[in-house]
Amino acid sequence: MICVENISKSFNGRAVLRDVSLEMQEGETLAIIGRSGSGKSVLMKHAIGLLQPDKGRVLVDGIDIGRISYRELRTVRRQFGVLFQGGALFDSMSAFDNVAFPIRTFTDSTEQQVRDRVLRCLDLVNLSDVGTKRPSELSGGMIKRVALARAVALEPRYILYDEPTSGLDPHTSTTINNLIKGLADQLDVTSGER
Amino acid sequence: MAALEQRLIRPLYSLGRYALLLSKGFTSLGHFSVYRKNLIVQCGRVGIDSIPIVALAAAFSGAVTTVQTAYQLVSPFIPPSVIGAVVVPSLILELGAIVTGFILAGRVGARIAAELGTMRVTEQIDALEAMGLNSIGYLIVPRIMAGIIMFPVLYVTAVLVGVGGGLAAAVATDVVSTGEFIRGARENYLVFGPMFGLIKSFVFGFVITSISCYMGYYTEGGAEGVGRSTTQAAVISCVYILLSDLVLALVLL
Ligand SMILES: Nc1ncnc2c1ncn2[C@@H]1O[C@H](COP(=O)(O)OP(=O)(O)O)[C@@H](O)[C@H]1O
Ligand SMILES: [Mg+2]
């Protein structure tokens, strides 16, 4: 369970979040809607400790992530899959290696197991044929889908999506929305969709 | 008053953040296997790829020093072997390291800052952190280690090529024979010289890569910010190379 308790955040004296609280239960899908610039991305970054609130706290499974060591925080973060607004793919790597990165880094899988897993994840997002391409060779929609594949590669307990469908054509949007729904059932994850 | 405070606090703030960055990177390292591949890649980029330009600059420095020494010193009362005695120690003590340092500040410093800056503004660093990785350890440690490992290699290359360039210029302009040049160099050889040069090159390697990593890692403000970090990385690296050069000379000589 993720608990955001009364957090406030300002940048350079301008308040972005004011006394925000919310709760995400295990297995629940929750969407947050707001105008552009209203602080959705900022809120998401607080949930995984990329930003620290000026006031209030964030609890992940009862652990206040603002009061634990950096090492412990990294352990907490490993339960999350995050899809950033712009995809945030590593542009020094191919799409395949992007999805393989968390698997290679955090598991002891053999290269064959990595391969199987990556191809399965890319299949989930209907992109079996882009593996060797670099992010700069992919369209916006493809980047988001590869990033989604990377976010779910380790079957995280929680998935955070930051505008997974904004700026995409209706067809791709539907594909991604179905994917998110499908993932929630298939992987039994808790997701915050923004 | 506020402006003065700003001026006093800003450098302290930067220094503190720089120290924290380094300590965070080097204290919470994970398994070496995570960094090994990165380290090899960085050694290639910092070191191997820089050899041609470093060699070129060193050859010319050696040649120019030779020609100028000949012009200034050699007369009927001074033997031509003085050329070897001046050129070789200058390369070992100062030119080999400082020429390499300036080239790497531009070449490697700018590259590191641009890479890390772009990763910062496109949220790739956030993505690394969100996965539970120590982004500082993962990105910065291999780059700094590559600098510390490869800079001495480049320094040695620069000295060897520089001496070759100096010798070639001496022979080509017919001011001194090869034998005389080498005799001069030998008679005035400082045992501590190469050690001093190597210490310098370790320090320069660290200064350039750590400053550039700092500038890149804390980039703010989109493409413009990346541009700013890139130029600042090169300029500030150069300034600190000069400063550390002076400090090392005062402390060690
Ligand atoms: N690192 C930052 N520094 C300063 N201001 C920021 C920073 N991050 C976000 N903001 C500001 O916070 C507000 C909310 O941003 P954001 O969460 O990205 O909006 P959105 O709801 O569109 O995702 C914006 O006005 C933005 O300018
Ligand atoms: Mg946003």
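Since the model is a prediction, treat every value here as computed from it, not as a measurement.

### What to know about the interface of chain A and chain B
One frequently used descriptor of interface size is the decrease in accessible area upon assembly of the parts.
Inference 1: Between chain A and chain B, the contact holds 22 residues from the first and 20 residues from the second.
Inference 2: Where chain A abuts chain B, roughly 1,700 Å² becomes buried across the two surfaces, and 60% of that area is made up of carbon and sulfur atoms.
Inference 3: If you look at where chain A meets chain B, you find 3 salt bridges.
Inference 4: Of the charged contacts in the structure, one is a salt bridge between B:Glu129 and A:Arg77, with a shortest N-O distance of 2.6 Å.
Inference 5: Viewed at the interface, chain B and chain A are joined by 6 residue pairs in polar contact (both at pLDDT 80 or more).
Inference 6: Listing elements by their share of the side of chain A that touches chain B, those giving two or more residues are helix H2 (70–77) and helix H3 (95–106) of chain A.
Inference 7: Taken together, the residues of the side of chain A that touches chain B break down into 12 nonpolar, 3 polar and 7 charged.

### Thoughts on the packing of aromatic side chains
The geometry of an aromatic ring pair comes down to the distance between the two centres and the angle between the two planes.
Inference 1: One pass over the full model with this rule turns up 8 aromatic pairs over all chains.
Inference 2: Ring geometry for B:Tyr18 against B:Tyr214: centres 5.8 Å apart, planes inclined by 85 degrees, an arrangement best described as edge-to-face. Residue B:Tyr18 is located in helix H1 (residues 2–27), and its partner B:Tyr214 is located in helix H8 (residues 192–217); the two are separated by 196 residues in the primary sequence.
Inference 3: B:Tyr18 gets classed as buried once you look at its relative accessible area, which sits at 18%.
Inference 4: Looking at B:Tyr214, the relative accessible area reads 9%, which means it is buried.
Inference 5: Relative to B:Tyr218, the ring of B:Tyr214 lies with its centre 5.5 Å away and its plane at 65 degrees, an arrangement referred to as edge-to-face.
Inference 6: An aromatic cluster is built from B:Tyr18, B:Tyr214, B:Tyr217 and B:Tyr218, whose rings are joined through pairwise contacts.
Inference 7: For the cation-ring pair, A:Arg74 lies above A:Tyr70, with the distance from its terminal atom to the ring centre recorded as 4.7 Å.

### Some remarks on the domain arrangement of chain A
All names here are of chain A.
Inference 1: In terms of domains, chain A is made up of domain 1 (1–77) and domain 2 (80–189).
Inference 2: For domain 1 versus domain 2, the separation of C-alpha centres amounts to 23 Å.
Inference 3: Each partner contributes residues to the interface: domain 1 has 17 residues there, and domain 2 has 13 residues.
Inference 4: Put simply, domain 1 and domain 2 have 3 salt bridges between them.
Inference 5: Mapped onto the side of domain 1 that touches domain 2, the elements with two or more residues apiece are helix H1 (40–47) and H2.

### Topic: the environment of A:His46
Inference 1: With respect to the secondary-structure elements, A:His46 resides in helix H1.
Inference 2: Sequence-wise, A:His46 and A:Ile32 are 14 residues apart; in three dimensions their C-alpha atoms are separated by 14 Å.

### Structural notes on the pairing of strand E7 (residues 158–161) of chain A
Residue and element names in this part refer to chain A.
Inference 1: Going residue by residue along E7, you find Tyr158 and Leu160 tucked away on one face and Ile159 and Tyr161 tucked away on the opposite face as well.
Inference 2: Pairing of strand E6 (residues 80–83) with E7, which is carried by 4 bridges, proceeds in the parallel orientation. Looking at E7, one finds that Val82 is bridged to Leu160.

### A word on the site of ligand 1
Residue and element names in this part refer to chain A.
Inference 1: Surveying the vicinity of ligand 1 reveals the residues Phe11, Arg14, Val16, Arg35, Ser36, Gly37, Ser38, Gly39, Lys40, Ser41 and Val42.
Inference 2: A distance of 2.7 Å separates an oxygen atom of ligand 1 from a polar side-chain atom of Arg14.
Inference 3: Protein contact buries 62% of the 560 Å² of open area that ligand 1 shows by itself.
Inference 4: Mapped onto the shell around ligand 1, the elements with two or more residues apiece are strand E2 (14–24) and H1.
Inference 5: Counting residues per element, the shell around ligand 1 draws most heavily on H1, which supplies 3 residues.
Inference 6: Here the shell around ligand 1 is composed, by residue class, of 3 nonpolar, 5 polar and 3 charged.

### Quick notes on the pattern of salt bridges
Inference 1: Counted by the stated rule, this structure contains 22 salt bridges over all chains.
Inference 2: Between B:Glu187 and B:Arg183 there is a salt bridge, with its nearest N and O atoms 3.0 Å apart. Of the two residues, B:Glu187 and B:Arg183 are both situated in helix H7 (residues 178–187); the distance of 4 residues between them amounts to about one turn of the helix.
Inference 3: What makes B:Glu187 exposed here is its relative accessible area of 54%.
Inference 4: Taken together, the shared-partner salt bridges in this structure form one network comprising A:Lys45, B:Arg120, B:Glu123 and B:Asp126.

What counts and what doesn't
- Residues numbered from 1 in each chain as written.
- Chains lettered and ligands numbered in written order.
- Predicted model: local features only at pLDDT ≥ 70, side-chain atom pairs only at ≥ 80, totals over all residues.
- Heavy atoms only, no water.
- Contact = heavy atoms within 4.5 Å.
- Buried area = accessible area lost by both parts, 1.4 Å probe.
- Salt bridge = Lys/Arg side-chain N within 4 Å of Asp/Glu carboxyl O.
- Polar contact = N/O pair within 3.5 Å; in protein donor to acceptor, adjacent residues only side chain to side chain.
- Helix = DSSP H or I, 4+ residues; strand = E, 2+ residues; numbered from the N terminus.
- Nonpolar A, V, L, I, M, F, W, Y, C, P; charged D, E, K, R; others polar.
- Phe/Tyr/Trp six-rings, centres within 6.5 Å; stacked < 30°, edge-to-face > 60°.
- Buried < 20%, exposed > 50% of the residue type's maximum accessible area, 1.4 Å probe, protein only.
- Lys NZ or Arg CZ within 6 Å of the ring centre and 35° of its normal.
- Domains from an automatic or database assignment.
- Pairing = 2+ DSSP bridges.
- Near = heavy atom within 4 Å.
- Areas by Shrake-Rupley, 256 points an atom, 1.4 Å probe, with all protein chains shown as cover.

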